[in-house]
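Coordinates in review
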Amino acid sequence: MKGTITTLLGPSGSGKTTLLRIVAGLDSPTRGNVFFKNSMITNNTLNVLRNNATMVFQKSVFFDTTVYNNVAYGLKFKEDLSRDQISNKVGEALELVRLEGYEKRRAKKLSGGEQQRVSLARALVLDREFLLLDEPTVNIDPKNVSIIEETILRVNREKNTTIILATHNMFQAEALSQNVALILEGTVKQTGTKQEIFGKSNKYMTIFARLENVFSGISKISEGYTSIIHVNANLSIEAAFNRPGKISVYVRPEDILVSTSPLKSSARNVFKGRIIGITEVGSIVRLVVDAGKKFSVQITKKSLTEMNLNVGAEVYLTFKASAVHLI
Amino acid sequence: MTNPIVDGIIQAFQLLFSLDSTVYRIVFRSLYISGLAVVMATFWSLPIAAILGLKNFRAKRLVRGTFNAFIGFPTVVLGLMLFLLFSRSGPLGTFGLLFTPLMISIGQAILITPILVSFITSAIEAIDMDLRDLAMTLGSTEIQASIAILREASGGVILAVLAAFNRAFAELGVAMMVGGNIYGRTRLLTTAIALETNRGEIAFSIALGVILLAIVYTLNIATNYLRRH
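Residues numbered from 1 in each chain as written. Chains lettered and ligands numbered in written order. Predicted model: local features only at pLDDT ≥ 70, side-chain atom pairs only at ≥ 80, totals over all residues.

Before going further, it helps to spend a moment on the overall build of chain A. Along the backbone of chain A there are 10 helices and 18 strands. Seen through its principal axes, chain A has C-alpha atoms that stretch 75 × 45 × 40 Å. Sorting the 327 residues of chain A into buried and exposed places 35% on the buried side. Relative to all contacts within chain A whose residues are 6 or more apart in sequence, the contacts with residues 24 or more apart total 64%. (Helix = DSSP H or I, 4+ residues; strand = E, 2+ residues; numbered from the N terminus. Buried ≥ 20, exposed ≤ 12 C-beta atoms within 10 Å, placed from the backbone. Contact = placed C-beta atoms within 7 Å.)

In structure tokens:
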């Protein structure tokens, strides 16, 4: 696996960040052990991970100072580096992310995409064996996305850096990585080469097809910069991201509200449907509602009793555009 | 018949601009004593605030709440407590500190500790704690990461120090009770104003009052300026 790019692919909330933070030595696992080159990592040896890997966070954070000082921060902990050597390294790292001449700018004043590139440079300057990237291109514009993707590929090729990239974007996984690990609800469901995962049998889609509340359709960008996904003639789902074209989305059963009359709220998705199945699991009840497509909804037993819901009852489903996750 | 207040103000400005040495000695003594108080209080408040702002422990809320509650501690009560502790027959009487300038500094330092601890803790808590993770993933130790956070909070620390100086400089109770308002030794701006007003020296009081206000006002402007930038 040395010198390869591996993606952790899964919807948001599936545990990608947690896994990366454990590998980065920032958190300890609640169960199980971490092994690094055949030796077990304990709470006292987290430094081994921290000294061999560095991480770029999804949300960039900066020291309130210049781009130069931010990128140079990690170099201060390396011994025997002269001022000139530090300055050269910072210059090279900024060149990699195509931000030459940005040294004196205030990091916090840059645009989101530029900030993420500075974050990447700040990690690259350390020349670590492992580079961990947590959704490095989420919420930034296409131009910055392509610069970041090019940089990732170039660093992997030229410096043989082993990269682990967390993403929910299957196209990015396909474009950048040799190996893919599918993560869902806190567990790695499947690992394999890119060909195995996205090839003929397409394990990725098979796994997601087993999930509830997965909807596929053609997405169009609305005037409000959300995506409207046309699932069928009766069902269009609005999502708080903008990606046009054929996509699949996922809504968690616990993110959907059930009501007997239409709710007036800020939530962008309200659908009328009919209950076609009720399953009780302890204090939790799973409803299957037909609202143009089958939705799984999770409510408490108490709600079921209080709302007096039965199979065949007419209900309204409400969920926010931001509860719609791209897969 | 002239108005004593107008008279007082005129005389006050005469005193101010004649560079009366008694007045200026009092001003410099006040600045020195409160300055020393701030240095002492910052010395122990900074580590306390760092622990409160960066660490999580069970009694944290209780400790923070206590410091918050003591921000408005009545100065006279603190003065009385210190007086009893440090008087000849008190438990700390052997130090012979009562009615010395150092005693006033110590009293003021205790008075402003809650302000410093609370404000600096808030400043540290306002810093994005993701920075700590960032520092560690870039190779810093936990202590170095904490120092990085403290450095990010330095603006808030300066604000806290200014506010604390303001409180020490303008307070009367502690200076009066443990300083004794001794002429040429422990007489400060606030204690002098109290005394001279009682003695009917309105002009002198007003002159000192104007100086006190000017310094406090300047500090407040400086604080607000820093807060905006």
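What follows picks up the thread again.
Another aspect to go through is helix α6 (residues 130-137) of chain B. Turning to α6 of chain B, its buried residues number three or more, namely L134, A135, M136 and T137 of chain B. Buried residues belonging to α6 of chain B abut α2 (46-52) and β4 (53-56) of chain A together with α7 (142-152) of chain B. Following α6 of chain B by one or two positions, G139 of chain B has its phi on the positive side, about 105°.

All right, on to the interface of chain A and chain B then. In this assembly, 16 residues from chain A lie in contact with 12 residues from chain B. Of the residues that constitute the side of chain A that touches chain B, the class distribution is 9 nonpolar, 3 polar and 4 charged. (Nonpolar A, V, L, I, M, F, W, Y, C, P; charged D, E, K, R; others polar.)

Residue and element names in this part refer to chain A. An order of β4-β5-β6-β1-β7-β8 is seen for the 6 strands of this open sheet, with the pairing classed as mixed. Here the strands that pair on one side only, and so sit at the sheet edges, are β4 and β8 (187-193). When strand polarity is set aside, the average angle formed by the axes of neighbouring strands in this sheet is 15°. With 4 bridges joining them, strand β1 (residues 5-9) and strand β7 (residues 179-184) adopt parallel strand pairing. Its bridge partner lying in β7, T7 is registered against V180. Sitting on the sheet, helix α1 (residues 16-23) touches β1, β4, β5 (130-134), β6 (162-167) and β7, and the angle it makes with β6 is about 155°. (Pairing = 2+ DSSP bridges. Axes fitted to C-alpha atoms, helices over the stretch in contact; angles between N-to-C directions.)

To continue, consider the nonpolar core. One finds A121 of chain A together with I112 and A164 of chain B to be the most contacted residues of the largest nonpolar core, which totals 132 residues. Counting residues per element, this core draws most heavily on helix α5 (residues 101-125) of chain B, which supplies 13 residues. Residue-level mapping places this core at the junction of two domains, with at least three residues from each of domain 1 (5-207) and domain 2 (214-326) of chain A. Those residues in contact with I112 of chain B, other than ones at most four positions away along the chain, are A37, V38, A41, A164, R167 and A168 of chain B. (Core = buried A, V, L, I, M, F, W, Y, C linked by C-beta atoms within 7 Å. Domains from an automatic or database assignment.)

All right, on to the sheet that holds strand β9 (residues 214-221) of chain A then. All names here are of chain A. One open sheet accounts for 5 strands, arranged β11-β10-β9-β12-β18; its pairing is antiparallel. Whereas interior strands pair on both sides, the edge strands pair on one side only; in this sheet they are β11 (235-239) and β18 (324-326). If you compare each strand with its neighbour and ignore which way they point, the axes differ by 45° on average. Strand direction decides the pairing type here: strand β12 (residues 245-251) and β18, joined by 3 bridges, are antiparallel. What sits directly across from Y250, in β18, is H325.

Let us look at the domain arrangement of chain A. Here chain A is partitioned into domain 1 (5-207) and domain 2 (214-326). Spacing between the C-alpha centres of domain 1 of chain A and domain 2 of chain A amounts to 34 Å.

A few words on the packing of helix α8 (residues 154-170) of chain B against helix α11 (residues 202-228) of chain B. Residue and element names in this part refer to chain B. The interhelical angle for the contact between α8 and α11, taken along N-to-C directions, is 165°, at an axis separation of 10 Å. Here α8 is positioned roughly antiparallel relative to α11, judged by the angle of their axes. Between α8 and α11 the crossing geometry is left-handed. Here G155, I158, L159, L162, A163, F165, N166, F169 and A170 of α8 come into contact with α11, specifically with L212, I215, V216, L219, A222, T223, L226 and R227. Of the residues contributing to the contact of α8 with α11, the split by class is 13 nonpolar, 3 polar and 1 charged. (Parallel < 35°, antiparallel > 145°, perpendicular 65-115°, else oblique. Left-handed = near helix turned anticlockwise from the far one by under 90°.)

A word on the environment of S303 of chain A. All names here are of chain A. Here S303 is to be found in helix α10 (residues 301-307). The exposed category is assigned to S303, around which 12 C-beta atoms lie within 10 Å. Expressed as a C-alpha distance, the spacing of S303 and D84, which sit 219 residues apart in the sequence, is 67 Å.

A separate point is helix α2 (residues 21-54) of chain B. Residues and elements named next belong to chain B. With 34 residues, α2 should reach 50 Å at 1.5 Å per residue; the first-to-last C-alpha distance of 48 Å fits that figure. Approximately 30° is the largest bend angle found in α2, and it occurs at S45, with the proline P47 only one to four residues beyond. Within α2, burial applies to I26, S30, I33, S34, A37, V38, A41, T42, S45, A49, L52 and G53. Along its buried surface, α2 packs onto α3 (60-69), α5, α8, α10 (189-198) and α11. (Expected span 1.5 Å × (residues − 1). Bend = angle between axes of the 7 residues up to and from the residue.)

In this section: unusual backbone geometry. Residues and elements named next belong to chain A. Even without a glycine there, the phi angle at E135 is positive, about 45°. Judged by local crowding, E135 falls into the buried class, with 22 C-beta atoms found within 10 Å. Phi angles above zero are rare outside glycine, and Y225 is one such case at about 60°. By the secondary structure assignment, Y225 is in the loop between β9 and β10 (227-232).

All names here are of chain B. Mapping I120 onto the fold places it in helix α5. The exposure class assigned to I120 is buried, which follows from the 26 C-beta atoms found within 10 Å. Taking C-alpha positions, I120 is 8.6 Å from L159, a pair spaced 39 residues apart along the chain. Once you skip the residues sitting within four places of it in the chain, I120 turns out to touch S45, L46, A49, G156, V157 and A160.

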